[in-house]
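Structural characterization, general
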Amino acid sequence: MALAPRAVFVYRHTELDELLATHGTFGQAVFFLSQRGQKIEEVERRDRLQKDALATSTAAVPMNWRQGSVERSDLARFSFAPEDVVVVVGQDGLVANAAKYLDGQTVIGVNPDKARNPGVLVPFRPHQVHSLLSLAVSSAAEAFTEERVMVEATTDDRQSVLALNEVFIGHPSHQSARYLISVGGDGPEPQSSSGMIIATGTGATGWARSIWEERGRDVPLPDPTEHRLCWFVREAWPSPATGIRLTAGLLDADASLSLTVESDRLVAFGDGIEEDAVPLRFSQVVKVQVATRKLRLLTG
């Protein structure tokens, strides 16, 4: 007998949850905000929208399905199964937080606050969840599914960082990072910079785009499903010992970028999650390329 599908809901604690955890009572949270010229009403509104969206979404699960949930901080300890359909209820960034822990599961993004969240990765409303779950396990699912490219950084001792948006490599406090960079057959070039990012087409709408705008748009940004990455070195420093020739470019699906550490300590982390950083020591090599794993996103 086939195992029934499981809907797994991914969410994060609201700002109100965090205020109450920090200050103990609602009154203390109100006092804390008022001392800073802020009001609790907007925080309450966002809390209500998030929790209403989660309640509506979980109530939409078919009776014959199984159900689970996981808060963002527990993602690393949660075991996703192949038959899971993952429903992310929150901001676009929450999809990126979950993506690195998935391997082929279909993701449905639910936007609780359309006035505040762009909804690029969470385009759906809570009332649509029931029909979307049915679609996700139907024979028609392929026609409504988008596979978004991911980026992976792998060290010479087999540690890895997987990300939907971008991987950052640099000093943990964003001081000068020293390294040798090689791209394809070009290099190695010694550099000193405030680090570098290697982004996917999904990430090209965020951090990478801000750098791209400043650089004069010389490098074309990839599309989210394109098997290509863009990369940018931040604030490379020209000196007699360091160069600025290899500071931006594209990586095709069969190409890679490698970096040999020449500082005492650098880090590599994905999608802004510094807590999951992989430490990089002197002389260690890290290679970055298009990941074999992809995010399977339901587009409706």
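Residues numbered from 1 in each chain as written. Predicted model: local features only at pLDDT ≥ 70, side-chain atom pairs only at ≥ 80, totals over all residues. Heavy atoms only, no water.

1. Topic: the sheet that holds strand β10 (residues 196-199)
- Taken in spatial order, the six strands line up as β12-β11-β10-β7-β14-β15 in an open sheet, and their pairing is antiparallel. Only two strands of the sheet have a single neighbouring strand rather than two, namely β12 (248-252) and β15 (278-281). Each strand axis lies, on average, 20° off the axis of its neighbour in the sheet, ignoring direction.
- Where β10 meets strand β11 (residues 228-233), four bridges bridge the pair, whose relative direction is antiparallel. Residue Ile-197 lies in a different strand from β11, and its bridge partner there is Phe-232. (Pairing = 2+ DSSP bridges. Helix = DSSP H or I, 4+ residues; strand = E, 2+ residues; numbered from the N terminus. Axes fitted to C-alpha atoms, helices over the stretch in contact; angles between N-to-C directions.)

2. Some words on the side chain of Thr-202
- Along the chain, Thr-202 falls in the loop between β10 and α6 (207-214).
- Discounting residues that sit within four places of it in the chain, Thr-202 has contacts with Leu-121, Arg-148, Leu-164, Asn-165 and Pro-224. (Contact = heavy atoms within 4.5 Å.)

3. Points about the packing of helix α1 (residues 15-23) against helix α2 (residues 26-34)
- Contact geometry of α1 with α2 gives a least axis separation of 8 Å together with a crossing angle of 105°. Between α1 and α2, the angle falls in the class roughly perpendicular. In this structure, α1 contributes Leu-16, Leu-19, Leu-20 and His-23 to the contact, and α2 contributes Phe-26, Gln-28, Ala-29, Phe-32 and Leu-33.
- For the contact of α1 with α2, the residue count by class is seven nonpolar, two polar and no charged. (Parallel < 35°, antiparallel > 145°, perpendicular 65-115°, else oblique. Nonpolar A, V, L, I, M, F, W, Y, C, P; charged D, E, K, R; others polar.)

4. Observations concerning the environment of Ala-21
- Along the chain, Ala-21 falls in helix α1.
- Placed 207 residues apart in sequence, Ala-21 and Arg-228 show a C-alpha to C-alpha distance of 42 Å.

5. What to know about the side chain of Thr-200
- By secondary structure assignment, the location of Thr-200 is in the loop between β10 and α6.
- Of the residues examined, Thr-200 reaches a relative accessible area of 0% and is grouped as buried.
- Among the polar contacts listed, one links the side chain of Thr-200 to the backbone oxygen of Leu-164, at a separation of 2.5 Å.
- Not counting residues up to four positions away in its chain, the partners in contact with Thr-200 are Val-149, Met-150, Val-151, Ala-163, Leu-164, Asn-165, Pro-222 and Leu-229. (Buried < 20%, exposed > 50% of the residue type's maximum accessible area, 1.4 Å probe, protein only. Polar contact = N/O pair within 3.5 Å; in protein donor to acceptor, adjacent residues only side chain to side chain.)

6. As for unusual backbone geometry
- Cis geometry marks the peptide bond from Gly-187 to Pro-188, where omega comes out at 10°.
- The residue Pro-188 is located in strand β9 (residues 186-193) in this model.
- In this structure, Glu-235 takes a positive phi of about 55° despite not being glycine.
- Take Glu-235: it is sitting in the loop between β11 and β12.

7. Some remarks on the pairing of β9
- Sheet analysis places strand β8 (residues 177-183) next to β9, joined by six bridges and oriented antiparallel. Within β9, the residue paired with Arg-178 across the bridge is Ser-192.
- A loop of two residues connects β8 with β9, the two strands running antiparallel in sequence, and Gly-184 in this loop sits at a positive phi of about 60°.

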